[in-house]
Amino acid sequence: MNQAAQYIRRELAIRLVRAFDAGTLRDEIDNIPVKLRPKNEPSSRCCIYHDRAVLKYRLMALLGYSIEDESDEAKTLASYLDDVVRDVAEGKDPYAGLEHKMAPLSVCGPACSGCPDAKVVTTENCRGCFARPCMYNCPKKAVSIVGGRSVIDQSLCIKCGKCVAACPYHAIVKTTVPCEDACPVGAIKKNEFGVAQINFEKCIFCGKCFNQCPFGAVMERSQLMEILLAMKKGEKLVAMVAPAAAKQFPGTIEQLLTACKKAGFAEVMEVALGAEKTTRHETAEFVERYEKDPKMIMTTSCCPAWVNLVAKHMPEFIDKVSLTPSPMVYSRELMKEKDPTLKTVFIGPCVAKRSEARRKDVDFVLSFEELGAILAARDIDVMSCEAYPLERPAEATARNYSHSCGVTEAVIAEAMSRTPDFKLNSKQINGIDKKSVAMIRLHLMGKIPTNFLEVMACPGGCENGPCSLR
Amino acid sequence: MDKVTVEICCGTACYLLGAARLMELEANLPEELKGKVEFEAKACLGMCNDDRLGGAPYVRVNGSEVIANATPDAVLARIRTLLEMEDL
């Protein structure tokens, strides 16, 4: 987790909203990088000018633009802002003509350090010992002893790390490219300029690279501006707050809902109400599939990074993913039934939800960080808010969707209430990474007996999502 | 000996910029400080309204002393100093 990048992102977002509210954003926005990195003060990168350049790109991403789409380096932030304001006023999508309009993530080239390729190398700590565990443990015979020192033949090395673990002197190190290492599907690679580039055909938007890059070079494209402008225009926005919010902000979820109201949302709801519907349908779907074929296996469908993973990397198993809509989609339905003119805003800790929202007609997605920035800028203190008078609180099992196993528990409880002797053979994948992707395949091929597989892209569930506050 | 009181501002700005991490201090307090410190999560203390947001997160120690840009290490260091002062 890159905390420094987290804090700078949040600070920029707070400043952006404050200046927007004060009506001074257009005048101020190009000065923010200078204000944050004044001369004679320490820099976080090589110099304050590099810092300022990266801050400019961060603001560009906050305005909703993909950094990859930059065609004119001299274009000011004020003029990007003008474009967004004009397009939103005319009811157009500000990003419609751009190549990366569908991508929620963006890599900032000037921030990327172009980390050296992953490599296993022997350091000076090598004693050239008699035991030579590096040599004997290497499955590829890539290690030899030259001049009394262990040497690794890079053309043979498969970077398995067995020699690293075996060396009693800790003399062998494995260097990594953190983004490539974190990506479960090999979607991020350095391009011909040595800068990380995301292959959006492969990317499942799990947000792991976003969190793992030590240079904070992977940025999220925000819809903050569109939301602020919609609010200002007087559009009725509904804040649909994900169950994961419970442990994010100080105070209770009811207090957070009041805070959202104060911040300018016309309506608020907890997405857990949608999760209740997901539980009912998911259980019914499971029973139906089970009765048709007792040997079947069904997986959950509420994690959008997981659904992206199946669709893009294992399409042969797509029919094993439940067809039940996610809590967000049901929440949208509930609000649209109530008032079709409402614009829906999903508020959560997830990058991949941005891609799901686009497919399922949810108008906007706001991360917890961005919501926090709006609240902070508008001096709304969650802990001091009164509890929002809910018509009824969502069921406990629905509020638990944000933890790993939460969906499974909800489905089991629902199924037991229908048929007491119900048999669910459930397994959970707690976090998608390179290893668990292989496990998932084994499950779906039927090599591991399961009939209900819950997959959560983030370890521990949504509450540890890439845009969570902790 | 009086306990050191540590009030952590949990106003939204402070919370976003680091108070969430400060809240974990109580649970991870070093053994020798246990029982000597009183932590309290406070609603916004109203200190973050300057132009630079510079100071968030804020912590107030013993009711009056303010630590800006508080990090767990800075707060712990201050607690230690105060306790040593009291021992003298």
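None of these values were measured; they are calculated from a predicted model.

## Re the overall build of chain B
Link 1 in the chain: Tallying secondary structure elements over chain B gives 2 helices and 4 strands in all.
Link 2 in the chain: Listed by position from the N terminus, the elements making up chain B come as β-α-β-β-β-α.
Link 3 in the chain: Buried positions account for 45% of the 88 residues belonging to chain B.
Link 4 in the chain: Just so you have it, chain B exposes about 4,300 Å², and 47% of that area is on carbon and sulfur atoms.

## Regarding the domain arrangement of chain A
Link 1 in the chain: The domains assigned to chain A are domain 1 (3-110 + 188-221), domain 2 (119-175) and domain 3 (227-464).
Link 2 in the chain: In this structure, domain 1 of chain A and domain 2 of chain A have C-alpha centres spaced 42 Å apart.

## Structural notes on a positive patch on the surface
Link 1 in the chain: Side chains of A:Lys159, A:Lys174, A:Lys189, A:Lys202 and A:Lys434 sit close together on the surface and give a patch of like positive charge.
Link 2 in the chain: By the secondary structure assignment, A:Lys159 is in the loop between strand S4 (149-152) and helix H7 (162-166).

## So, the sheet that holds strand S9 (residues 237-241) of chain A
By definition, the strands of a sheet pair up through backbone hydrogen bonds, in either a parallel or an antiparallel sense.
All names here are of chain A.
Link 1 in the chain: Here we have 4 strands laid out as an open sheet, ordered S10-S9-S12-S13, and parallel in their pairing. Sheet topology places strand S10 (267-270) and strand S13 (364-367) at the edges, where each strand pairs with a single neighbour. Looking at each pair of strands side by side, their axes are set apart by 25 degrees on average, direction ignored.
Link 2 in the chain: The pairing of strand S12 (residues 343-348) with S13 spans 4 bridges and is parallel. What sits directly across from Val-345, in S13, is Phe-364.
Link 3 in the chain: Sheet contacts for helix H10 (residues 224-233): S9, S12 and S13; angle to S13, the most-contacted strand, approximately 110 degrees.
Link 4 in the chain: Most of the contacts of helix H16 (residues 368-377) go to S13, to which it runs at about 80 degrees, and overall it touches S12 and S13.

## Points about the pairing of S13(A)
Link 1 in the chain: On S13(A), burial covers both faces: A:Phe364 and A:Leu366 on one face and A:Val365 and A:Ser367 on the other are all buried.
Link 2 in the chain: The parallel pair S12(A) and S13(A) is bridged by helix H15 (residues 352-359) of chain A, and the resulting crossover is right-handed.

## Thoughts on the sheet that holds strand S1 (residues 4-9) of chain B
Residues and elements named next belong to chain B.
Link 1 in the chain: Taking strand neighbours across the sheet as the criterion, the 4 strands line up as S2-S1-S3-S4 in an open arrangement whose pairing is mixed. At either end of the open sheet lies a strand with only one pairing partner, and these are strand S2 (37-42) and strand S4 (65-67). The mean angle between the axes of side-by-side strands here comes to 25 degrees, regardless of whether they run parallel or antiparallel.
Link 2 in the chain: Note that S1 and strand S3 (residues 59-61) share 3 bridges and pair antiparallel. Bridge pairing in S3 places Ile-8 opposite Val-59.
Link 3 in the chain: Packing of helix H1 (residues 12-22) onto the sheet brings it into contact with S1 and S3, and relative to S1 it is tilted by some 145 degrees.

## Description of a nonpolar patch on the surface
Residues and elements named next belong to chain A.
Link 1 in the chain: On the surface, a cluster of nonpolar side chains totalling about 260 Å² of accessible area is made up of Met-439, Leu-442 and Met-445.
Link 2 in the chain: Positionally, Met-445 belongs in the loop between helix H19 (434-444) and strand S15 (452-456).
Link 3 in the chain: Residue Met-445 is classed as partly exposed on the basis of its relative accessible area, which comes to 48%.

## Thoughts on the interface of chain B and chain A
Link 1 in the chain: Tallying the contact residues gives 21 residues for chain B and 27 residues for chain A.
Link 2 in the chain: Overall, the association of chain B and chain A removes approximately 1,900 Å² of surface from exposure, summing both partners, and the carbon and sulfur fraction of that is 53%.
Link 3 in the chain: The interface formed by chain B and chain A contains 0 salt bridges.
Link 4 in the chain: Where chain B meets chain A, there are 5 residue pairs in polar contact (both at pLDDT 80 or more).
Link 5 in the chain: Residue contributions to the side of chain B that touches chain A peak at 8 residues, all from H1(B).
Link 6 in the chain: In terms of residue class, the side of chain B that touches chain A is made up of 11 nonpolar, 4 polar and 6 charged.

Scoring rules and cut-offs
- Residues numbered from 1 in each chain as written.
- Chains lettered and ligands numbered in written order.
- Predicted model: local features only at pLDDT ≥ 70, side-chain atom pairs only at ≥ 80, totals over all residues.
- Heavy atoms only, no water.
- Helix = DSSP H or I, 4+ residues; strand = E, 2+ residues; numbered from the N terminus.
- Buried < 20%, exposed > 50% of the residue type's maximum accessible area, 1.4 Å probe, protein only.
- Areas by Shrake-Rupley, 256 points an atom, 1.4 Å probe, with all protein chains shown as cover.
- Domains from an automatic or database assignment.
- Patch = residues over 30% accessible without salt bridge, like charges linked within 9 Å, V, L, I, M, F, W, Y side chains within 5 Å.
- Salt bridge = Lys/Arg side-chain N within 4 Å of Asp/Glu carboxyl O.
- Lys, Arg positive; Asp, Glu negative; His and termini not counted.
- Charge placed at Lys NZ, Arg CZ, Asp CG, Glu CD.
- Pairing = 2+ DSSP bridges.
- Axes fitted to C-alpha atoms, helices over the stretch in contact; angles between N-to-C directions.
- Contact = heavy atoms within 4.5 Å.
- Right-handed = clockwise from strand over helix to strand, strands pointing away.
- Buried area = accessible area lost by both parts, 1.4 Å probe.
- Polar contact = N/O pair within 3.5 Å; in protein donor to acceptor, adjacent residues only side chain to side chain.
- Nonpolar A, V, L, I, M, F, W, Y, C, P; charged D, E, K, R; others polar.

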